[in-house]
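# Observations on the three-dimensional arrangement
Below are the chains, spelled out letter by letter.
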Amino acid sequence: MEKLRKIYTQAGADVLLIEQDFIRRYLTDFYSTDGYAVIDGNQCTLVVDSRYFEAAEKSLKNRGIRLIEGVYKQAQELLNGAKTVGVPYPFINLSRAESLKKDGYTLVDCMPALRSSMEIKNSEEIELIGKACGIAEDAFLALLSELKEGMTESEVAALLEYKMRCFGASGVSFDTIVAFGANGSVPHHETGCDRLKFGDAVLIDFGCKYEGYCSDCTRTFLFGDDGKHGEFKKIYGEVLAAHELVKENIAAGMTGREADEIARGYLRRSGLDKYFTHSLGHGIGLQIHEYPFLAPKSEEVLKDGMVFSDEPGVYLAGEIGIRIEDSVFLSGGKVKSFMKKTERNLLIL
């Protein structure tokens, strides 16, 4: 309730209306695909329809959140008497915004207040993200012994996702990326039907959810060594060095731009920075991409409690793609990695 009061006060509106599922979950700790959270100066009310009402009753018992069975009409009634309504501008749809304006309300962007709260994870959130990371790593380790020549990228992705579910995940953080050989040179390759061959480089970008919170990890390795990977191994060493430098040197108080430059600056020494075509990292939480962003133009200050990815990569079009990614967090001013089980040095199966 203290968190809710702080968000409400910072938002600066008479009442807040939230219908986005991940923000509702953050505010109430209850997940549903539909529903409305309404917060005024006195209380938080969750409005859900009959599909979710029974589950919500059990989840929210003695939590201090009022529960109403209904749809938008019931949520709309809770706005009566308000002049300003706080909504998250990046996520509200145009139709809803126009409807609220037509009803005479002045809209206020409450996302800055939400962002300020959501980007700093508390100990419980850190623990949940840690569990999601542990599940992802356990599944990846279990996958390695089952990789066989002739498997397709899609088969490998499906097997990894199945194993994450078996280890306790509620779902994936995003569509798993599996790239064989030169396909890895496309950072967001669309997993397809290419078949695994001896000597292939393999890039797998994967993550899962645990109680709503995401993990994110990328590992690049060789499926056997055919003696043709001299350049690959050299570049891998440079990417790994950049990855580890980030964990050693990022500190609270640094900007996202300065953090990105740790990896980009290192790769620049060997002329590889021009092949590092995305930012160093992004925030991780109930969404796979949250604040903060660790990017060349980011002036956001990094703080204890922030969770983000450390994922430098090098991509030579049509030839090589290498990315090494951990989910990490800031504690005591320094970076700590959630990933403690999987190898970062080059793995050759």
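Structure: above.
Computed from a predicted structure; not experimentally measured.

## A closer look at the sheet that holds strand 4 (residues 66-69)
Reading across the sheet, the 6 strands line up as 4-3-2-1-5-6 and stay open at both edges, with mixed pairing between neighbours. Looking at the sheet topology across the chains shown, the edges are occupied by strand 4 and strand 6 (106-109). Across this sheet, the average inter-strand angle for adjacent strands is 25°, counted without regard to direction. Summarising the sheet, strand 1 (residues 15-18) and strand 2 (residues 36-39) pair through 3 bridges and their orientation is antiparallel. Across the sheet, the residue bridging to Ile18 is Ala37, located in strand 2. Across the sheet, helix 1 (residues 2-11) touches strand 1, strand 2, strand 3 (44-48) and strand 6, and the angle it forms with strand 1 is around 110°.

## Considerations on helix 10 (residues 256-269)
The terminal C-alpha atoms of helix 10 lie 21 Å apart, and with 14 residues this matches the ideal 20 Å at 1.5 Å per residue to within 8%. Bending of helix 10 peaks at approximately 30° at the position of Ile262. Check the buried side of helix 10 and you find it contacts helix 9 (230-249), strand 14 (290-294) and strand 16 (313-316). Positive backbone phi, at 75°, marks Gly271, one or two positions downstream of helix 10.

## A short note on the side chain of Ser309
Relative to the helices and strands, Ser309 is located in strand 15 (residues 307-310). What makes Ser309 buried here is its relative accessible area of 0%.

## Points about empty space enclosed by the protein
Here the structure, examined in full by the defined rule, presents 1 cavity of 30 Å³ or more. When its volume is computed, the largest cavity comes out at roughly 30 Å³. Along its surface, the largest cavity is lined by Tyr26, Met118, Lys121, Glu125, Tyr213, Gly285, Leu286 and Glu290.

## A closer look at the packing of helix 2 (residues 21-28) against helix 6 (residues 111-118)
The geometry of helix 2 relative to helix 6 is characterised by a closest axis approach of 12 Å and an angle of 60° between their N-to-C directions. By the angle between their axes, helix 2 is oblique relative to helix 6. Crossing geometry of helix 2 relative to helix 6 is assigned as left-handed. Side by side, helix 2 and helix 6 meet where Phe22, Ile23, Tyr26 and Leu27 of the first sit next to Met111, Leu114, Ser117 and Met118 of the second. Of the residues contributing to the contact of helix 2 with helix 6, the split by class is 7 nonpolar, 1 polar and no charged.

## Topic: the pairing of strand 15
Where burial is concerned, the two faces of strand 15 agree: the one with Val307 and Ser309 and the one with Phe308 and Asp310 are both buried. Examined bridge by bridge, strand 15 and strand 18 (residues 326-331) share 4 bridges and lie antiparallel to one another. In the strand pairing of strand 18, Ser309 is matched with Ser327.

## Here's the deal with the layout of surface pockets
Using a probe with the size of a water molecule, rolled over the atoms, empty space left in the structure can be pinpointed. The computed volume of the largest pocket comes to approximately 430 Å³. Lining of the largest pocket is provided by 17 residues; of these, Lys3, Tyr26, Asp29, Arg63 and Glu124 occupy positions nearest its centre. Mapped by element, the contributors of at least two residues to the lining of the largest pocket are helix 1, helix 2 and helix 7 (123-144). Looking at the lining of the largest pocket element by element, the count peaks at 4 residues for helix 2. Class assignment for the residues of the lining of the largest pocket results in 8 nonpolar, 2 polar and 7 charged. A volume near 290 Å³ is recorded for the second largest pocket. Lining the second largest pocket are 16 residues, and of these His188, Asp205, His282, His289 and Glu311 lie nearest its centre.

Rules behind the numbers
- Sequence order sets the numbering: in each chain, residues are counted from 1 along the sequence as written.
- In view of the model being predicted, local features appear only for residues whose pLDDT reaches at least 70, and side-chain atom pairs are presented and counted only at 80 or more, with totals across whole chains, interfaces and linings using the full set of residues.
- Calculation of side-chain values draws on the structure's entire complement of heavy atoms; hydrogens and water are dropped beforehand.
- Pairing between strands is defined by DSSP: at least two bridges between them are needed.
- The helix count covers DSSP runs of H or I at least four residues long, the strand count covers runs of E at least two residues long, and both are numbered beginning at the N terminus.
- Axis definition: a line fit to C-alpha positions, over the contact stretch in the case of helices; interaxial angles, taken between N-to-C directions, run 0 to 180 degrees.
- Any two residues whose heavy atoms approach within 4.5 Å are treated as being in contact.
- By definition here, a helix of n residues has an expected span of 1.5 Å times n minus one.
- Across the chain, bend at a residue is computed as the angle between axes fitted to the seven residues ending at that point and the seven starting from it.
- Residue exposure (1.4 Å probe, protein chains only): buried if accessible area is under 20% of the type maximum, exposed if over 50%, otherwise partly exposed.
- Cavity and pocket criteria rest on a 1 Å grid covering protein atoms alone: a 1.4 Å probe that fits but cannot get out defines a cavity, protein on both sides within 12 Å along at least 5 of 7 lines defines an open pocket, and an atom within 4 Å of a point defines a lining residue.
- Grid points are joined across faces, edges and corners, and a volume is the space filled by probe spheres set on the points.
- An angle counts as roughly parallel when it lies under 35 degrees, as roughly antiparallel when it exceeds 145, as roughly perpendicular when it falls between 65 and 115, and as oblique in every other case.
- We call a crossing left-handed when the near helix sits turned anticlockwise from the far one by less than a right angle, and right-handed when that turn is clockwise.
- Under this grouping Gly is polar, as are all residues other than the nonpolar Ala, Val, Leu, Ile, Met, Phe, Trp, Tyr, Cys and Pro and the charged Asp, Glu, Lys and Arg.

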